[in-house]
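If you want the building blocks of each chain, they are given just below.
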Protein chains: 2
Amino acid sequence: MSIRIGILGYGNLGRGVECAIRQNPDMELAAVFTRRNPADVEILTKTAKVLKVDEALEWKDKLDVMILCGGSATDLPVQTPEYAKYFNVVDSFDTHARIPEHFAQVDAAAKEGGKVAVISVGWDPGMFSLNRMYANAILPEGKDYTFWGRGVSQGHSDAVRRIEGVKDAKQYTIPVESALAAVRAGENPDLTTRQKHTRDCFVVLEEGADAAKVEQEIKTMPNYFADYDTTVHFISEEELKREHSGIPHGGFVLRSGRTGWEREHSHLIEYSLKLDSNPEFTASVIVAYARAAFRLAQEGQTGCKTVFDIAPAYLSAKSGEELRASML
Amino acid sequence: MSIRIGILGYGNLGRGVECAIRQNPDMELAAVFTRRNPADVEILTKTAKVLKVDEALEWKDKLDVMILCGGSATDLPVQTPEYAKYFNVVDSFDTHARIPEHFAQVDAAAKEGGKVAVISVGWDPGMFSLNRMYANAILPEGKDYTFWGRGVSQGHSDAVRRIEGVKDAKQYTIPVESALAAVRAGENPDLTTRQKHTRDCFVVLEEGADAAKVEQEIKTMPNYFADYDTTVHFISEEELKREHSGIPHGGFVLRSGRTGWEREHSHLIEYSLKLDSNPEFTASVIVAYARAAFRLAQEGQTGCKTVFDIAPAYLSAKSGEELRASML
């Protein structure tokens, strides 16, 4: 009687979800749905099917939760409202500014279908959001800080790769240690974009490309690099493969606040993540929320939820009794 | 239409709750109930009443939540089940081993009275428990670590003060930096009690007391000090007052875990607190959960809850829309 999961989209995130399901004995991967030719997609779980995405609706009574592993730019804004009519779904929609709009569309669809949809699950949005919210509720007078990294930013790596003369590239976002230290020391600094993060690019040039020109183009690129102190390292293709093929990430959420009748006491709440694999950790959070979606649906709930709306116990395979005895 | 709060017990924690209520504009302190003579108890909130604890039941329709600020040893095991029949209540019961029993008694009482009771609220149990639980749900294969300090342990300070020849004392619990560093480095160490924390005692002797004898007695005290590396500093009464009158505390909850088909990736989740005032921070958490208790009661829920059972959004004065737009 395990929770039957479907995965829609089999990239890094979909594969991470597959791995995470294997670590949760109360769940099983039933099927992976792909836009590619299923015969060309090899998955790790021998007991699960690989099917064309068009066949998904035929599985609406055979899955407890469908996990949507597409991208936030074009896939999820269409897929989540579409599939929330037929399945309990979880997505990792991460375009922060468009979350209210996405929520409204998914909520309407999920209510229409009598399903539960959990959106924007992962670590930011996700665990970082939760920690921002808890810390704000506890310390109403205070200041928030979020630092990202050290980690690979896919968007920035792509931006560098689009520059003429660049064969391949990886970009790391790095929090500025002195800024973090000032926050931890309770100094409540006002930090500019440049003061919070630096950017490190590892670039493989095409043969004959002009290194100085590429470096200049990276460092002055608006939105992506112009507001940051950026370092560019030119390396060989072999070195890039050997040293920079991982997808690590992480970061820090801090809130410093004051209490006392005269605000005489200060406090610091800090949450941090150090992740070897960004997609696998995101997937692990998603799978815990898939369990929650299943349970909420079993209780008869419907509509769109975020991490703010779901009691923590729903994420755990343990019972309330077990949690109280072992973790409280 | 603010949430009307009562405080039962006006020690450090009760006073912390009073201060926290002032920082939450949707709440007001209506009354403080004390076992002392109300005329002898001066509170900070000019608009609130100070009353004898026997008068509490007369306030059952005039308060939305009663916050129970007694101790876990003898007060709360009696008070929480008693008052949960008449009020929505929040307590900070922190005897971890007896939580299941306390939960059962409070649950029965709250259900009988049609009220909501939230128990074991604070930072440990409380925010540390939440972080243990979330981290375990996300990373099912991993290892947990909790370190406390640097901070004042009331129980250990009291134990030192009971030794013959000791006039006054303060005890600090200190996490061992190298142990924390090993956990952060992903080494998954097995740590003994001695390897996790050291203890620092600041002691004022009675005139003519034998320092060597006192030091020996502290360091060999079973349960409290014998299993730790303890340092004893003899200081003057003036220095104790000047340097050690605060009640700071804090600590670290970490979980290191592995993901990937072959568990090839490791991850570290860390939550930490650095608190100038242990009772004021505990009170701030309690007040956020008092808001949750009020809202759950308004929805018609009854019975005992812990931090595991309450969706995060209930703690915040902000609406779901505001939270999604500003913190997700």
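The structure under discussion appears in the preceding block.
Procedures and definitions
- Residues numbered from 1 in each chain as written.
- Chains lettered and ligands numbered in written order.
- Predicted model: local features only at pLDDT ≥ 70, side-chain atom pairs only at ≥ 80, totals over all residues.
- Heavy atoms only, no water.
- Contact = heavy atoms within 4.5 Å.
- Buried area = accessible area lost by both parts, 1.4 Å probe.
- Salt bridge = Lys/Arg side-chain N within 4 Å of Asp/Glu carboxyl O.
- Polar contact = N/O pair within 3.5 Å; in protein donor to acceptor, adjacent residues only side chain to side chain.
- Helix = DSSP H or I, 4+ residues; strand = E, 2+ residues; numbered from the N terminus.
- Pairing = 2+ DSSP bridges.
- Axes fitted to C-alpha atoms, helices over the stretch in contact; angles between N-to-C directions.
- Least-squares fit on C-alpha atoms with pLDDT ≥ 70 in both.
- Buried < 20%, exposed > 50% of the residue type's maximum accessible area, 1.4 Å probe, protein only.

## Overview of the interface of chain B and chain A
Item 1. Counting residues at the interface gives 68 residues for chain B and 67 residues for chain A.
Item 2. Taken together, the two surfaces of chain B and chain A that pack against each other cover about 6,200 Å², and 62% of this comes from carbon and sulfur.
Item 3. Taken as a group, Gln23, Trp261 and Leu328 of chain B account for 15% of the area that chain B buries against chain A, more than any other trio of residues on that side.
Item 4. In this assembly, chain B and chain A are joined by zero salt bridges.
Item 5. Across the chain B-chain A interface, the total number found is 31 residue pairs in polar contact (both at pLDDT 80 or more).

## Brief notes about the environment of Arg22 of chain A
Item 1. Note that Arg22 of chain A resides in helix α1 (residues 12-22).
Item 2. With 34 residues separating them along the chain, Arg22 of chain A and Ala56 of chain A place their C-alpha atoms 22 Å apart.
Item 3. One polar contact links the side chain of Arg22 of chain A to the main-chain carbonyl oxygen of Trp261 of chain B, over a distance of 2.4 Å.

## Brief notes about the sheet that holds strand β3 (residues 49-52) of chain B
Residues and elements named next belong to chain B.
Item 1. The strand order across the open sheet formed by seven strands is β3-β2-β1-β4-β5-β6-β14, and the pairing between neighbours is parallel. Sheet topology places β3 and β14 (303-305) at the edges, where each strand pairs with a single neighbour.
Item 2. Judged from the four bridges that link them, strand β1 (residues 3-8) and strand β4 (residues 65-68) form a sheet pairing that is parallel. Looking at β4, one finds that Ile5 is bridged to Val65.
Item 3. Packing of helix α1 (residues 12-22) onto the sheet brings it into contact with β1, β2 (27-34) and β4, and relative to β1 it is tilted by some 165°.

## Comments concerning the relation of the copies chain B and chain A
Item 1. Of the transformation placing chain B onto chain A, the axial shift is 0.0 Å and the rotation is 180°, giving an RMSD of 0.0 Å. Such a combination of rotation and displacement between the chain copies is what one expects of a two-fold axis. Of every C-alpha in chain B, the one belonging to Ala311 of chain B sits nearest the axis of rotation, 1.9 Å from it.
Item 2. Most of the interface of chain B is mirrored in chain A, where 99% of its interface residues again form contacts.

## Some thoughts on the side chain of Asn24 of chain A
Item 1. Position of Asn24 of chain A among the secondary structure elements: in the loop between α1 and β2 (27-34).
Item 2. Taking the relative accessible area as the measure of exposure, Asn24 of chain A reaches 8% and is therefore buried.
Item 3. Among the polar contacts listed, one links the side chain of Asn24 of chain A to the side chain of Arg291 of chain A, at a separation of 2.9 Å.
Item 4. The residues contacting Asn24 of chain A, other than those within four sequence positions of it, are Val287 and Arg291 of chain A together with Pro140 of chain B.

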